[in-house]
Amino acid sequence: MNRLKYVVAVVVVLALGAAACRTVTPDAGHEAVLVRKPLVFGSGGVDTTPVKTGLKYVAFTTSSVDVNMQPMRIDAEFTDLMTSDGVPIDFHAVITLQVTDSVKLVRDFGAERTGPVPGFWLRNLDQPFRTAVRDSVKAHGMNEMAIQATAAEMVDKVVTEHLLQIIKETGVPVRILDVSLGRANPPDAILHQRVETAAQEQRINTEKQKKLAEDQRKLAEESRAAADQAYNQKMGLNTEQYVALQAIQMQRDVCAKGTCTFIYGANATPMLNLRQ
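What you are looking at is a predicted structure, and each value in this text was computed from that prediction instead of being measured.

1. Points about the overall build of the protein chain
Looking only at helices and strands, the protein chain features eight helices and 10 strands. Expressed as a percentage of its 276 residues, the buried residues of the protein chain come to 28%. Partitioning the contacts of the protein chain with sequence separation of at least 6, the portion at a separation of at least 24 is 66%. A total of about 19,000 Å² of accessible surface is found on the protein chain, and carbon and sulfur atoms cover 56% of it.

See below:
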């Protein structure tokens, strides 16, 4: 009987122990940071050893915070950024970063997400990043930002260096993998003006090409006229004789492949079909 009571007691203790535990199973590429909250004894707080991929039993009072250790992308939209020439532009920026210390992130900065953007980014890095972008864009004109790739590269470099400095000063446990600023987009009114300007420039170029063609044709006609005049002078022909000679040449060219009959006289009316 005593032995049976002992077995029952052990089973009850094991059942209570099992009921007081739960499992933590982070996915691949994630870490679970444990936050202990004892009911009576012991001290709580963030466990310094995160749970990596696998399974771990923890007390039911212990909560876990899932931290994505894979590279993450943060999108930032910028509107009406003023350039050095006073033209507002819009563009899209993409930041790729990766968490390096999940425990420090949860303990000191928080790992929750506000929509698609991590909370630690909004609280610590978002505003300095935007300020750096605005200051860098002000150093360049609209045409530089919209057309020249070198200007965008310079802004990328300055912004990245500033962001790295902010991360170093604040201690946020992340590393920056890439900062990419998209192509700048000027206002629609500026775009329409640029299109109209390009169309006008194209029309001007077309007219220039037409004038060049007409000038070339004029030069060719003048050269031909000068050659004809020189020929007349050499042969001693007057204008009427030259025209008659040209008519004969045309008739010879027309009848080169057959037999032709010509009737001269202003009032002559052919009686037969002379095409053959």
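There is more to say, and it comes next.
2. Section: the sheet that holds strand β2 (residues 30-36)
Spatially, the three strands line up as an open sheet ordered β3-β2-β5, and their pairing is antiparallel. Each edge of the open sheet is held by one strand with a lone partner, namely β3 (45-46) and β5 (63-68). Here two bridges tie β2 to β3, and the two strands are oriented antiparallel to one another. Its bridge partner lying in β3, V35 is registered against V46.

3. What to know about the side chain of S102
Mapped onto the elements of the fold, S102 is located in helix α2 (residues 102-109). Within polar-contact distance, the side chain of S102 engages the side chain of E31 at 2.6 Å. When sequence neighbours within four positions are dropped, the list of residues in contact with S102 reads E31, V33, P50, V67 and M69.

4. Things to note about a nonpolar patch on the surface
Together, Y231, M235 and L245 make up an exposed nonpolar region whose accessible area comes to about 270 Å². Its place among the elements puts Y231 in helix α7 (residues 188-235). Residue class for Y231 comes out partly exposed when judged on its relative accessible area of 38%.

5. Notes on the packing of aromatic side chains
Throughout the structure, instances matching the rule amount to three aromatic pairs. Relative to F129, the ring of F78 has its centre 6.0 Å away and its plane inclined at 55°; by these criteria the two rings are tilted. Pair noted here: F78 is in strand β6 (residues 72-82) and F129 is in helix α4 (residues 126-137), with a separation of 51 residues, a long-range link. For F78, a relative accessible area of 1% gives the class buried.

6. Regarding the sheet that holds strand β7 (residues 88-99)
The strand order β6-β7-β10 describes an open sheet built from three strands, whose pairing is antiparallel. Of all strands in the sheet, those with a lone pairing partner are β6 and β10 (174-181), marking the two edges. Between one strand axis and the next, the sheet turns through 25° on average, direction left out of account. Sheet topology places β7 next to β10; seven bridges connect them, and they run antiparallel. Note that in β10 the partner of L97 across the bridge is I176. In the packing of α4 onto the sheet, contacts are made with β6, β7 and β10, and the angle to β6 comes to roughly 45°.

7. Considerations on the pattern of salt bridges
Applying the stated rule across the entire model yields eight salt bridges. Taking the shortest distance from any N to any O, the salt bridge between R123 and E112 comes out at 2.4 Å. With a gap of 11 residues between them, R123 in helix α3 (residues 119-124) and E112 in the loop between α2 and β8 (113-114) connect regions that are remote in the sequence. Note on R123: relative accessible area 46%, which makes it partly exposed. For D215, the salt bridge is made with K211, and the minimal N-O distance between the two is 3.0 Å. You can see D215 and its partner K211 sitting in helix α7, four residues apart, about one turn around the helix. Residue D215 is classed as partly exposed on the basis of its relative accessible area of 30%. Of the residues examined, K211 reaches a relative accessible area of 54% and is grouped as exposed.

Here is what the cut-offs are and how they apply
Position labels on residues start from 1 in each chain and follow its written sequence. Local features are withheld for residues below a pLDDT of 70 in this predicted model, meaning they are given only at 70 or higher, and side-chain atom pairs are given and counted only at 80 or more; totals for whole chains, interfaces and linings count all residues. By convention in this description, side-chain values take in all heavy atoms of the structure and omit both hydrogens and water. A helix here means a DSSP run of H or I that spans at least four residues, while a strand means a run of E at least two residues long, and both kinds are numbered starting from the N terminus. Type-normalised accessible area, obtained with a 1.4 Å probe on protein chains alone, sets the label of each residue: buried when under 20%, exposed when over 50%, and partly exposed for intermediate values. Residues are treated as being in contact if the distance between any of their heavy atoms lies within 4.5 Å. For accessible areas, the Shrake-Rupley method is used with a probe of radius 1.4 Å. Any residue's cover is judged against the shown protein chains and nothing else. A pair of strands is treated as paired once DSSP finds two or more bridges between them. Counting of polar contacts relies on pairs of N or O atoms within 3.5 Å, with two restrictions inside protein: one atom must be capable of donating a hydrogen and the other of accepting it, and residues adjacent in sequence are counted only when both atoms are side-chain atoms. Within this analysis, patches are made of residues with over 30% relative accessible area and no salt bridge. Like charges are joined at 9 Å or less; nonpolar side chains (Val, Leu, Ile, Met, Phe, Trp, Tyr) at 5 Å or less. Every case where a carboxyl oxygen of Asp or Glu lies within 4 Å of a side-chain nitrogen of Lys or Arg is listed as a salt bridge. Two rings from Phe, Tyr or Trp (for Trp, the six-membered ring) form a pair when their centres are within 6.5 Å of each other. A pair whose planes differ by under 30 degrees is stacked, one over 60 is edge-to-face, and the rest are tilted. Axes, fitted as lines to C-alpha atoms, cover a helix only where it is in contact. Angles between the N-to-C directions of the axes lie from 0 to 180 degrees.

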